[in-house]
Amino acid sequence: MNHPDALRSIARIAVPTSLEMVFQLVLTFAVQLAVGVLGTLALAAAGLVNSLVLVILVSFSTIGAAAAILVARAHGAHDHDRVARVTTTAEALAFACTLALCLPAALLAGSVLKTLGAPLTSRRRAPRTFS
């Protein structure tokens, strides 16, 4: 593969990936603007949550990147069984991690809000909001 072909191949992968990340950041900014009208406490909470979401997003991206590398190696070696195993394992790992993060948030929303000092009205609404 010559130099221009390599650059084109990299750009075909990097440009959509970069745009996706930019869209995520724009969405985060839009959420901050929308929540900003609710007051400083709401804005601080949204900022904290957005930071946590970014950490989780990067963590999940590493699962995808690792799987992509392993799949590329297996594909290059013409080991289609390994491609299928790595893909299935990565999807199962991502699903398990998602459940591990989302289930406690959904089931314990009221308790978490109480611990953080949220008003009673917010705590009563939490189970309906997150279910």
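The preceding data block contains the structure.
The rules behind these values
For every chain, the first residue of its written sequence is number 1, and the numbers climb from 1 along that sequence. Selection of residues for local features in this predicted model requires a pLDDT of at least 70, selection of side-chain atom pairs for listing and counting requires 80 or more, and totals for whole chains, interfaces and linings are taken over all residues. Values shown for side chains rest on all heavy atoms present in the structure; no hydrogens or waters enter the calculation. Structural elements are reduced to axes, namely lines fitted to C-alpha atoms, with helices fitted over the stretch in contact, and the angle between N-to-C directions of any two is expressed from 0 to 180 degrees. By definition, any uninterrupted DSSP run of H or I lasting at least four residues is a helix, any uninterrupted run of E lasting at least two residues is a strand, and each is numbered from the N terminus. Orientation categories follow fixed angle ranges, with anything under 35 degrees roughly parallel, anything over 145 roughly antiparallel, 65 to 115 roughly perpendicular, and all other angles oblique. Rotating anticlockwise by less than a right angle from the far helix to the near helix defines a left-handed crossing, while the corresponding clockwise rotation defines a right-handed one. Note on contacts: a residue pair is in contact if any heavy atoms of the two residues lie within 4.5 Å. Residues are grouped as follows: Ala, Val, Leu, Ile, Met, Phe, Trp, Tyr, Cys and Pro are nonpolar; Asp, Glu, Lys and Arg are charged; all remaining types, including Gly, are polar. For patch building, the residue pool is restricted to those with more than 30% relative accessible area and no salt bridge; the joining distance is 9 Å between like charges and 5 Å between nonpolar side chains (Val, Leu, Ile, Met, Phe, Trp, Tyr). Note that accessible areas follow from Shrake-Rupley with a 1.4 Å probe, and for residues the cover is restricted to the protein chains shown. Whenever Lys or Arg places a side-chain nitrogen within 4 Å of a carboxyl oxygen from Asp or Glu, that contact is recorded as a salt bridge. For each residue, the accessible area found with a 1.4 Å probe, counting protein chains only, is set against the maximum for its type, and the residue is called buried under 20%, exposed over 50%, and partly exposed in between.

Student: Help me understand the packing of helix H1 (residues 3-36) against helix H2 (residues 40-76), please; the structure alone is not making it clear to me.
Tutor: Helix-helix packing is characterised by the crossing angle of the two axes and by the distance between the axes. Remark: H1 packs on H2, axes separated minimally by 9 Å, with the N-to-C direction vectors making an angle of 165 degrees. Classified by the angle their axes make, H1 and H2 are roughly antiparallel. Along this stretch, H1 crosses H2, giving a crossing that reads as right-handed. Counting all contacts with H1, which are made through Met21, Gln24, Thr28, Val31, Gln32, Val35 and Gly36, the residues of H2 involved are Ala42, Leu43, Ala46, Gly47, Asn50, Leu54 and Leu57. A breakdown of the residues in the contact of H1 with H2 according to their chemical character gives 8 nonpolar, 6 polar and no charged.

Student: Where do I start with a nonpolar patch on the surface in this structure?
Tutor: Together, Phe95, Leu99, Leu103, Leu107, Leu108, Val112 and Leu116 make up a nonpolar patch on the protein surface, roughly 720 Å² of accessible area in all. With 4 residues, helix H3 (residues 80-107) is the single largest residue contributor to the nonpolar patch. When you line up the elements, phenylalanine 95 lands in helix H3. A relative accessible area of 54% places phenylalanine 95 in the exposed class.

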